[in-house]
Amino acid sequence: MKLTLDRMCITTNDLCLTCSKKMKSGEASDIDIKVGKVIIHASKQNKELNKITLNKIILTPMGAFLIVNEGDKKRFDRSGFVLLNELSDAIGTDVFIIEKHKKAEKFIENLISPVEPVSISTVFIPPFGEKEIKIQIKKEDQGKLSFPQETLSNIVEELFGVKAHYSYT
Ligand SMILES: [Zn+2]
């Protein structure tokens, strides 16, 4: 199991220098400790959780997104809604488990699934030609999207350094 802070530091509440630095820089917060404690506790029942890697926790107005390695989502799913509820209770907001991916396109596809985008492309926004990812969605799928554009853009920007927007066709 790899969490956003050391397992030992989370368990003992006694942070080493590296973890303290992460807290001070804002890379991690109390939420990382709370989430870590819940996952460590749940791993006593669900041994599969010992194999997970939690890369990052992204907070949005919609909830906290736990970015895990590819293949880890099913390890969480084994614990069912009980674990998700415990995580939500611990940090006071909804929790989503999302698998990371090297490619932004693939990551976005996973994120907005089951909605299938018509296309995902990089566009350049005038006047400064800033890169942004455009996700083309069929108009009739608009109502099925689980994340508002702002949330999606927050997450994509945190992970890939570019904003993203929906475009309806
Ligand atoms: Zn530590």
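Keep in mind the model is a prediction, meaning the values are calculated, not measured.

J.: Is there a simple way to explain the packing of helix 3 (residues 30-42) against helix 5 (residues 80-91) in this structure?
T.: Packed helices, taken two at a time, are described by their axes: the angle between them and the distance between them. Following both chains from N to C, one finds helix 3 and helix 5 inclined at 150°, their axes separated by 9 Å at the closest point. The orientation of helix 3 relative to helix 5 falls into the category roughly antiparallel. The two elements helix 3 and helix 5 meet at a crossing, and its hand is right-handed. Taking contact as the criterion, the partners of Ile31, Lys34, Val35, Val38, Ile39 and Ala42 in helix 3 are, on helix 5, Leu83, Glu86, Leu87, Ala90 and Ile91.

J.: Sorry, what's going on with the pattern of salt bridges here?
T.: Side chains carrying opposite charge are able to pair once their charged atoms draw close together. According to the stated counting rule, one finds seven salt bridges in the structure shown. Here glutamate 48 and arginine 75 are joined by a salt bridge, their closest N and O atoms 3.2 Å apart. With glutamate 48 in the loop between helix 3 and strand 1 (54-60) and arginine 75 in helix 4 (residues 73-77), this pair connects stretches of sequence that are 27 residues apart. For the pair glutamate 48 and arginine 75, one class covers both residues: buried. Residue lysine 144 pairs with aspartate 141 through a salt bridge whose shortest N-O separation is 2.8 Å. For lysine 144, a relative accessible area of 55% translates into the label exposed. Owing to a relative accessible area of 10%, aspartate 141 belongs among the buried residues under this scheme. What emerges from the salt-bridge pattern is a single network uniting Glu48, Lys51, Asp72 and Arg75.

J.: In this structure, what is going on with the sheet that holds strand 3 (residues 95-99)? I would like to understand it.
T.: Pairing between the strands of a sheet is mediated by backbone hydrogen bonds and can be parallel or antiparallel. Pairing in this open sheet of three strands is mixed, and the strands run 1-2-3 from one edge to the other. Each having just a single partner strand, strand 1 and strand 3 make up the two edges of the open sheet. Taken pair by pair, the neighbouring strands of this sheet meet at an average axis angle of 25°, ignoring direction. Bridge analysis of strand 2 (residues 63-68) against strand 3 gives five bridges, and the strand direction is parallel. Looking at strand 3, one finds that isoleucine 67 is bridged to isoleucine 98. Strands in contact with helix 7 (residues 149-160) are strand 1 and strand 2; relative to strand 1, the strand with the most contacts, it is inclined by about 145°.

J.: Explain the sheet that holds strand 5 (residues 130-137) here, please?
T.: Taken in spatial order, the three strands line up as 4-5-6 in an open sheet, and their pairing is mixed. Looking at which strands have only one partner, the edges of the open sheet turn out to be strand 4 (119-125) and strand 6 (163-168). Direction aside, neighbouring strands of the sheet carry axes that sit 35° apart on average. Pairing between strand 4 and strand 5: seven bridges, direction antiparallel.

J.: What exactly am I supposed to notice about the coordination of the zinc ion here?
T.: For a metal bound by four donors in a tetrahedral arrangement, the ideal donor-metal-donor angle is 109.5 degrees, while six donors in an octahedral arrangement ideally sit at 90 or 180 degrees. Coordination of the zinc ion by the protein is provided by Asp6 (OD), Cys9 (SG), Cys16 (SG) and Cys19 (SG), with metal-donor distances spanning 2.0 to 2.3 Å. Note that the zinc ion binds four donor atoms; their angles at the metal cover 98 to 116°, and the shape is tetrahedral. Aspartate 6 gets classed as partly exposed once you look at its relative accessible area, which sits at 38%.

J.: Help me out: how do you make sense of the packing of aromatic side chains in this one?
T.: Between two aromatic rings, the relevant description is the distance of the centres plus the angle of the planes. Inspection of the entire model under this criterion finds five aromatic pairs. When the ring of phenylalanine 96 is compared with that of phenylalanine 147, the centres are 5.6 Å apart and the planes differ by 80°; the resulting orientation is edge-to-face. Within this pair, whereas phenylalanine 96 is found in strand 3, its partner phenylalanine 147 is found in the loop between strand 5 and helix 7, the two being separated by 51 residues in sequence. A relative accessible area of 22% places phenylalanine 96 in the partly exposed class. Aromatic side chains tyrosine 166 and tyrosine 168 sit 6.2 Å apart centroid to centroid with 40° between the ring planes, which places their arrangement in the tilted category. Of the residues examined, tyrosine 168 reaches a relative accessible area of 31% and is grouped as partly exposed. Taken together through their ring pairs, the aromatic side chains of Phe65, Phe96 and Phe147 make up a single cluster.

Rules of the game
Residues numbered from 1 in each chain as written. Predicted model: local features only at pLDDT ≥ 70, side-chain atom pairs only at ≥ 80, totals over all residues. Heavy atoms only, no water. Axes fitted to C-alpha atoms, helices over the stretch in contact; angles between N-to-C directions. Helix = DSSP H or I, 4+ residues; strand = E, 2+ residues; numbered from the N terminus. Parallel < 35°, antiparallel > 145°, perpendicular 65-115°, else oblique. Left-handed = near helix turned anticlockwise from the far one by under 90°. Contact = heavy atoms within 4.5 Å. Salt bridge = Lys/Arg side-chain N within 4 Å of Asp/Glu carboxyl O. Buried < 20%, exposed > 50% of the residue type's maximum accessible area, 1.4 Å probe, protein only. Pairing = 2+ DSSP bridges. Donors = N, O, S within 2.8 Å, 3.2 Å for Na, K, Ca; no water. Tetrahedral: all angles 85-135°; square planar, octahedral: opposite > 155°, others 65-115°. Phe/Tyr/Trp six-rings, centres within 6.5 Å; stacked < 30°, edge-to-face > 60°.

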